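# Commentary on secondary and tertiary structure
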2 protein chains.
Amino acid sequence: MLTDRYELTMYSSFVEDGSVDDHSVFEAFARRLPPGRRYGLLAGLGRLIPLIADFGFDEDEIGYLLQVGAITPKAADRLADFRFSGDLTAYPEGEIYVPGSPVLTAEGPLGECLLLETLVLSVLNHDTAVASAAARMVTAAGDRPIIEMGSRRTHEMSAIAATRAAYLAGFGSTSNLAGGHLYDIPTVGTVAHAFILSHESERAAFASQVAALGVGTTLLVDTYDIEQGIRTAVEVAGSGLGAIRIDSGDLDIESRRARALLDELGATGTRIVVTSDLDEYVITALGAAPIDGFGVGTRVVTGSGHPTAGMVYKLVAVADRPGADAPLRPVAKKASGKGSAGGRKTAYRRGDGSEGFTLDGTVPPDARPLQVPVIRGGEIVHNPALDEIRGYARAVVEALPASARDVADGTPFTTATEED
Amino acid sequence: MLTDRYELTMYSSFVEDGSVDDHSVFEAFARRLPPGRRYGLLAGLGRLIPLIADFGFDEDEIGYLLQVGAITPKAADRLADFRFSGDLTAYPEGEIYVPGSPVLTAEGPLGECLLLETLVLSVLNHDTAVASAAARMVTAAGDRPIIEMGSRRTHEMSAIAATRAAYLAGFGSTSNLAGGHLYDIPTVGTVAHAFILSHESERAAFASQVAALGVGTTLLVDTYDIEQGIRTAVEVAGSGLGAIRIDSGDLDIESRRARALLDELGATGTRIVVTSDLDEYVITALGAAPIDGFGVGTRVVTGSGHPTAGMVYKLVAVADRPGADAPLRPVAKKASGKGSAGGRKTAYRRGDGSEGFTLDGTVPPDARPLQVPVIRGGEIVHNPALDEIRGYARAVVEALPASARDVADGTPFTTATEED
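This structure is a prediction, so every number in the text was calculated from the model and none was measured. (Residues numbered from 1 in each chain as written. Chains lettered and ligands numbered in written order. Predicted model: local features only at pLDDT ≥ 70, side-chain atom pairs only at ≥ 80, totals over all residues. Heavy atoms only, no water.)

## Overview of the interface of chain A and chain B
Formally: By definition in these notes, contact holds between two residues if any of their heavy atoms fall within 4.5 Å. By definition, the buried area sums, over both parts, the 1.4 Å-probe accessible area that each loses when the two are put together. Counted as salt bridges are all cases of a side-chain nitrogen of Lys or Arg within 4 Å of a carboxyl oxygen of Asp or Glu. Pairing of N or O atoms within 3.5 Å defines a polar contact, subject to two protein rules: one partner must be a possible hydrogen donor and the other a possible acceptor, and residues neighboring in sequence count only if both atoms are side-chain atoms.
Taken together, the contacts link 89 residues of chain A with 89 residues of chain B. For the pair chain A and chain B, the summed buried area comes to about 7200 Å², and 59% of that belongs to carbon and sulfur atoms. Contact with chain B buries area across many residues of chain A, yet R152(A), E156(A) and L177(A) alone supply 10% of it, more than any other trio. Taken together, the connections running from chain A to chain B amount to six salt bridges. Among the ionic pairs, R47(A) bridges to E156(B), the shortest N-O distance being 2.7 Å. Linking chain A with chain B are 47 residue pairs in polar contact (both at pLDDT 80 or more).

This is how it looks when you write it as C-alpha cells:
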C-alpha cells in the first residue's frame, strides 16, 4: 500500500483493457542534480530490494481500495496475489550518478512495474539525497571522522534510513541507536546540556559522567564558559580525558583556544569534537582548525538544502504483448521542459569518470558497465553488506577527477548521454 | 529505541548518581522560525502521543545497549520496565506557534523525560515543517482545493506522516493510499504519463481510462500536445468530462487556453487541475488563472525549503528530589547564541494574536491559555480526531491578523515573551 492512488487506477485500466501483462521497461533517473552539485551518490537500493520483494496487498487493503473506488473488482482479484515477478537492474548502491543516469531499470509485466513507482522513488529520493550530501561532507572532513546525529531533525523512520545512507557515504558513526542496531553501525554519544544543567555544578556533572563512563568519555564543555569548562574537565578526568565537545560559538576560534589550553594542561591526547549546524561548507572552512571530529545533524539528514534527489520513474519502452521476447517500442513524453529519452539504456563509465549509454545493450570495450542485476524473475540476486557498499562508494568517489569532488558549488561534471 | 545514544548514557549516569527520579521539566520550542516565515503551524502531536505511550525497550534492545556499552547494568534493570509515568502538556495540534512558544512540556522523573527527546523532536520537527508549509499553500489557494501528492519525493514513512500533516493544515486530499487508509483522508489520482505512453495513441489511452473509471475522471492532456489532448479528451469523454490535468508548461497561459478551448467545446463544467513543482509562491502567482485545483508534491513534503522545524527539547527546571512538590530550580544554557529561558512556562494568546508566557502558572484575564493536558500520570487524556484538528487549525489561522497570514516572505508576526 506504499503507493499512490493513480498507480492503482492505471493498473485497473490495464487489467480492464487487457494490457496489464504486456512487457515493459521503466527507468528511474534524475533530470538534473540539485543546484551546485557536481555528482550524486546513489543510495537506498539495499532498503528497496526487500521492500519490493515484500510488496503486495492484504485482504484489508484490497477491501479499502475497492471501497474507495481505486480499483475494479477484476483488478482486485489480481492484486490479491500480486508479487513482482520481473527483473530489476541498477547502479550498485554507492555508485555516483549524474543527470540522465539510468540508475534503476524495472522490466517485466506493465502492471507490476507500474505499481513500484512510489516505493522506488520514495526510497531512492530520500536515501540518495542524504548520501549525496554526506559524501560532500566526508570529502570536506578529509581523514577526520564525522558522526551522524540528525535523528531529532527528521521523521523517526527517515532518521534510521538517513543513518544508513550517511554511513555508506563515509560517515564513521551515528547517534541513532535504532539505526545502529538495525544496520550494525557504530553508535556514539555521551551527554546533552540537560545533563550538565541537571547537576548542581558543571564539576558534579563531569564527575558523575566520568564515574559512569570512565575518563575516555567526551565531556561537553560549553554549557557555561568554555575555558572554565575545559579546566574543570581536566581537573575531574585528568590529562587522560578522551575528548571534549564544543557545541556553540565560533568553532575555529574556540577549537584553537581549546587545543592550546588542553596542551597547557597536559591533556595533549584529548581530542576536540565540534557540533552545531555543520555542513560541508562549514567543515571546509574549519579545515585548518585543530579539530579531531565533527558531529553533523540537521544538514545531513535534510540533504544539505536538497532533501530529495528529484528522481523520476518513467516508462521508456513497452511491447504489445507479454514476454521478454516481445518487440519493445521506445516511448517518451514530449511535453515542454520534461522530455526524456525513450528506450532501454545500457550505461557505462569511461576512464575519465564520464558516463554514457547505448540503446542496443552494448558497452564500449574501454568502459566499465554500470548496471548490475538486482532481481531476476522476482528473485533477489544482489544484496551486498553495508560495509562492502561503503567501501565501493569510497573507491568510486576517490576515483573521480578532483574537479568533480570539489565541495564548492559547481555544475555536474558530466552528463549521461547516448553514444554517438 | 527511537532515541539517541547520548540519552541512554545520560540515563545511566543519572541511575548511577541517584538523580534519575528527580522531578524535572523539559520544554520543546523553536528558537526561530525558518527565514521568511511569519508563523508556524504545530503538527505531529496525534502521532506522538501513542508513540510515547508505547515507548520502551525490549529484551533484545537492552541486550544490544549493554553490548555496545550505552548503558550500565543498573540502568538496564530499570529500562526493562520503562514507561513514561509523567505529565505532558502541549499546544493543541493545529495551533500556531512563534519563536519561543513552549509548544510541549514534559514533566516528571528526570530519566523518563530525558529519554523522550529524540522521539518528541523527530515527530514534531517533521510534521510541523510540513504543516507550516501546507498552511501557507492553503492560504495561497483560497477556496480552491489542494491535493497532497509528494509521496514519491520523501521517505516512504515520512510520506504517510506528511499526508496527515498537510491534511490537517487544510489540504483536501492525498494521492497516498497508505496515508488515506490509516488516517481516513480522501484519496485521489487517475493516471501518469506512463499510462498514456503505454497505449498506441492518446485516444486509446483516454478511451481505456473512461471505460474503467467513467467520464467523471481526470484526463491527463499534456503528454504530446495540450490543445490536441484537450480536443481528444472531450471527443472521447464528451462535454461531461470531469477534469483535465496539465503537468507542464506555463500553467497560467496553458490554463487560460485550456479554459477557453473547453468552453468552446461545450465542456464548461470540466475542471482544470494543475501540477508541476507548485508551492505557495507559484500558487499565489496563479491566483487569477482559471484553475480549479492544485496538486502539490515535492514542496509540501519537504516543507517548502525548510524540511525541519528546528525545534529543540531542553531541560528548563529540575528539583533535587523526586515528586511534583519538590522545589524546582530553573536552569538554562548560557553559551553564545543558544541561550534559552529557564523555568516552566505557561503560555497564552491575546486577542491580537500575540503570545506571552508567565513563569508562575497564571494567565492574564484577557488572554486564552494555549496549553492543554495531553498525558497525565502516563495516561492519555487528549486525543482529538483528525478532522477536529483540521477545523481547529483553520479557525486559528483565519483568526490571525492579515499581515501574519501573508504568504510573501516576512518576519515572525510576534514572539512569545515573558510577561513584564
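What follows continues from the structure just given.
## Quick notes on the sheet that holds strand β10 (residues 271–274) of chain B
All names here are of chain B. Basically, it comes down to this: Paired strands, as defined in this entry, are two strands with at least two bridges between them according to DSSP. Each helix is a run of H or I in the DSSP string that is no shorter than four residues. Each strand is a run of E no shorter than two, and both are numbered from the N terminus.
One open sheet holds the six strands; their spatial order is β7-β6-β11-β10-β9-β8, and the pairing between them is parallel. Each end of this open sheet is capped by a strand with a single partner; those strands are β7 (173–174) and β8 (218–220). Summarising the sheet, β10 and strand β11 (residues 293–296) pair through two bridges and their orientation is parallel. Along β11, the bridge assignment pairs V274 with F294.

## Notes on helix α15 (residues 386–398) of chain B
Residue and element names in this part refer to chain B. Stated formally: Multiplying 1.5 Å by the residue count of a helix minus one yields the expected span of that helix. The cut-offs for exposure are 20% and 50% of the maximum accessible area for each residue type, with area from a 1.4 Å probe on protein chains only; residues under the lower value are buried, those over the upper are exposed, and the others partly exposed. Each direction from the helix axis to a C-beta atom contributes to the arc, which is the arc of those directions.
Helix length check: α15, at 13 residues, gives a terminal C-alpha distance of 18 Å against a target of 18 Å (1.5 Å per residue), a fit within 8%. Looking only at α15, the buried set comprises L386, I389, R390, A393, V396 and V397. The buried side chains of α15 occupy one side of the element, clustering within an arc of 130° when seen end-on. When the buried face of α15 is taken as reference, the exposed residues oriented beyond 90 degrees from it are E388 and E398.

## Thoughts on the packing of helix α10 (residues 202–213) of chain A against helix α11 (residues 226–237) of chain A
Residue and element names in this part refer to chain A. Selection criterion: Lines fitted to the C-alpha atoms define the axes, with helices restricted to the stretch that makes contact. Angles between their N-to-C directions range from 0 to 180 degrees. Any angle that is under 35 degrees is reported as roughly parallel, and any over 145 degrees as roughly antiparallel; angles of 65 to 115 degrees are reported as roughly perpendicular and all others as oblique. Put simply, a crossing is left-handed when the front helix is turned counterclockwise from the back one by less than a right angle, and right-handed when it is turned clockwise. Ten residues, namely Ala, Val, Leu, Ile, Met, Phe, Trp, Tyr, Cys and Pro, are considered nonpolar, four, namely Asp, Glu, Lys and Arg, are considered charged, and the remaining ones, Gly among them, are considered polar.
At their nearest, the axes of α10 and α11 sit 9 Å apart, and the two run at 40° to each other. Looking at the two axes, α10 sits oblique to α11. Judged by the twist between their axes, the crossing of α10 over α11 is right-handed. Along the contact surface, α10 presents E202, R203, F206, A207 and V210, while α11 presents Q228, G229, T232, A233, E235, V236 and A237. Broken down by class, the residue content of the contact of α10 with α11 amounts to six nonpolar, three polar and three charged.

## Points about the domain arrangement of chain A
Residues and elements named next belong to chain A. Applied cut-off: All domain edges in this entry derive from an automatic or database-based domain assignment.
The domain boundaries assigned to chain A delineate domain 1 (5–129 + 306–418) and domain 2 (142–301). When each unit is reduced to the centre of its C-alpha atoms, the spacing between domain 1 and domain 2 is 38 Å. Opposite the 18 residues of domain 1 that make contact, domain 2 presents 16 residues. Approximately 1300 Å² of surface area, both sides summed, lies buried where domain 1 meets domain 2, with 59% of it carried by carbon and sulfur atoms. Along the contact surface separating domain 1 from domain 2 lie one salt bridge. Here E93 makes a salt bridge to R164, at a shortest N to O gap of 2.6 Å. One can count six residue pairs in polar contact (both at pLDDT 80 or more) joining domain 1 with domain 2. Of all the elements in the fold, those that place two or more residues in the side of domain 1 that touches domain 2 are α2 (45–53), α6 (117–141) and α15 (386–398).

## Notes on the pairing of strand β17 (residues 372–376) of chain B
Residue and element names in this part refer to chain B. Both strand β3 (residues 87–90) and β17 contribute to a ladder of three bridges, which runs antiparallel. Bridge assignment links L88 to a residue of β17, and that residue is I375. Between the end of β17 and the start of strand β18 (residues 379–380), which pair antiparallel, lie two residues, with G377 showing a positive phi angle near 55°.

## With respect to the packing of aromatic side chains
Heads up, the condition is: In this scheme Phe, Tyr and Trp rings, the latter by its six-membered ring, pair at centre separations within 6.5 Å, and the angle between planes marks the pair as stacked below 30 degrees, edge-to-face above 60, and tilted otherwise. Only when the NZ of Lys or the CZ of Arg is both within 6 Å of the ring centre and within 35 degrees of the ring normal is a charge said to sit over the ring.
Counting across every chain of the model gives ten aromatic pairs over all chains. Relative to F195(B), the ring of F14(A) has its centre 5.1 Å away and its plane inclined at 40°; by these criteria the two rings are tilted. Pair noted here: F14(A) is in helix α1 (residues 5–17) and F195(B) is in helix α9 (residues 193–198), and the two residues belong to different chains. Residue classification places F14(A) among the buried positions, given a relative accessible area of 0%. Taking relative accessible area as the criterion, F195(B) reaches 0% and is therefore assigned buried. Between the aromatic rings of F55(B) and F57(B), the centroid separation amounts to 5.5 Å while the plane-to-plane angle is 80°, which identifies the pairing as edge-to-face. An aromatic cluster is defined as three or more aromatic residues linked by ring pairs; in this entry it consists of F55(A), F57(A) and F82(A). One cation-aromatic arrangement involves R390(B) over Y167(B); the distance from NZ or CZ to the ring centre is 4.3 Å.

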